[in-house]
Amino acid sequence: MSWLRPVLLMLAAIFLTLGLLLPIIRFERLYFFSETPSLVELVAALFRQGDVALSLVVGLFSIVFPIAKLAGLALQLSGRAGEAGVFRRAMPHLSKWSMMDVMLVAIVIVAAKSSGLAVAVSQPGLWFYAASAVIAGLLPSLIRIGPKMSDADTN
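What you are looking at is a predicted structure, and each value in this text was computed from that prediction instead of being measured.

Remarks on a nonpolar patch on the surface
Side chains of W3, V7 and L11 sit close together on the surface and give an oily, nonpolar patch of about 280 Å² of accessible area. Note on W3: relative accessible area 53%, which makes it exposed.

Digging into helix 2 (residues 39–48)
Buried within helix 2 we find L39, L42, V43, A45 and L46. Viewed along the axis of helix 2, the buried residues span an arc of 160°, placing them on a single side of the element.

A few points about helix 1 (residues 4–21)
Between its first and last C-alpha, helix 1 extends 26 Å over 18 residues, near the 26 Å set by a 1.5 Å rise per residue. Every buried residue of helix 1 is accounted for by R5, L8, L9, A12, F15, L16, G19 and L20. Looking straight down helix 1, one finds its buried side chains confined to an arc of 130°; they lie on one side. Exposed residues pointing more than 90 degrees away from the buried face of helix 1 are listed as M10 and L21.

Thoughts on the packing of helix 1 against helix 3 (residues 52–78)
Taken N-terminus to C-terminus, the directions of helix 1 and helix 3 make an angle of 165°; their axes are 11 Å apart at the nearest point. Classified by the interaxial angle, the pair formed by helix 1 and helix 3 is roughly antiparallel. Considering only the axes of helix 1 and helix 3, their crossing is left-handed. Where helix 1 approaches helix 3, its residues R5, P6, L9, A12, A13, L16 and L20 are matched on the opposing element by S62, I63, P66, I67, L70, L73, A74 and L77. When grouped by side-chain class, the residues that make up the contact of helix 1 with helix 3 number 13 nonpolar, one polar and one charged.

Brief notes about the nonpolar core
I24, L70 and L139 are the most contacted members of the largest nonpolar core, which has 25 residues in total. Of all the secondary structure elements, the ones that give two or more residues to this core are helix 1, strand 1 (25–27), helix 2, helix 3, helix 5 (100–115) and helix 6 (124–144). Apart from residues no more than four positions distant in its own chain, L139 is found in contact with R5, L8, L9 and L73.

Remarks on the packing of aromatic side chains
Note on aromatic pairs: each is described by the distance of the centres and the angle between the planes. Counted according to the given criterion, the structure contains two aromatic pairs. For the pair F15 and F128, a centre-to-centre distance of 5.3 Å together with 55° between the ring planes defines the contact as tilted. You can see F15 sitting in helix 1 and its partner F128 sitting in helix 6, a full 113 residues away along the chain. We classify F128 as partly exposed; its relative accessible area is 26%. Plain terms: the ring middles of F61 and F65 are 5.0 Å apart, the flat faces sit at 80° to each other, and that makes the pair edge-to-face. Residue F61 and its partner F65 are located together in helix 3, separated by four residues, close to a single helical turn.

Focus: empty space enclosed by the protein
Applying the stated criterion across every chain yields a total of two cavities of 30 Å³ or more. Empty space within the second largest cavity amounts to approximately 30 Å³. Of all elements in the fold, only helix 5 and helix 6 reach the threshold of two or more residues within the lining of the second largest cavity. Looking at which element gives the most residues to the lining of the second largest cavity, the answer is helix 5, with three residues.

Thresholds applied
Residues numbered from 1 in each chain as written. Predicted model: local features only at pLDDT ≥ 70, side-chain atom pairs only at ≥ 80, totals over all residues. Heavy atoms only, no water. Patch = residues over 30% accessible without salt bridge, like charges linked within 9 Å, V, L, I, M, F, W, Y side chains within 5 Å. Areas by Shrake-Rupley, 256 points an atom, 1.4 Å probe, with all protein chains shown as cover. Salt bridge = Lys/Arg side-chain N within 4 Å of Asp/Glu carboxyl O. Buried < 20%, exposed > 50% of the residue type's maximum accessible area, 1.4 Å probe, protein only. Helix = DSSP H or I, 4+ residues; strand = E, 2+ residues; numbered from the N terminus. Arc of directions from axis to C-beta. Expected span 1.5 Å × (residues − 1). Axes fitted to C-alpha atoms, helices over the stretch in contact; angles between N-to-C directions. Parallel < 35°, antiparallel > 145°, perpendicular 65-115°, else oblique. Left-handed = near helix turned anticlockwise from the far one by under 90°. Contact = heavy atoms within 4.5 Å. Nonpolar A, V, L, I, M, F, W, Y, C, P; charged D, E, K, R; others polar. Core = buried A, V, L, I, M, F, W, Y, C linked by side-chain atoms within 4.5 Å. Phe/Tyr/Trp six-rings, centres within 6.5 Å; stacked < 30°, edge-to-face > 60°. 1 Å grid on protein atoms, 1.4 Å probe; cavity = no way out; pocket = protein on both sides within 12 Å on 5 of 7 lines; lining within 4 Å. Points joined across faces, edges and corners; volume = space filled by probe spheres on them.

Given below as structure tokens:
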């Protein structure tokens, strides 16, 4: 079972990359967004349109925090978490924001559908992003119980 944690960590990183780069939502009638923007494109568009503070906040919570969380999980999994106490202390705080973007996109889809402004449909990027957040949320508990699982495997 010791192979499961590294595989899940790799899947979380791949899914996060796909979630950031693939389209997260499709708008069919909203002229100021591209038809199928990715999360990275949305952050860049906010910045280009002069919403610098909003683009920084969204970029921090949507891109930087998930990457930092996966980096911290990788350090913990490698057994070098003691060398990076900052990550160990930050992990509970980073975990609180894991599904925030998925929830916000869901709210945008519901609002767009109910207001008549647009027809909005979730895209694969949203599902990859959500899968990465779920895996990254489960990994800390697997890392904590890891040595017990290894002891049981050796018997």
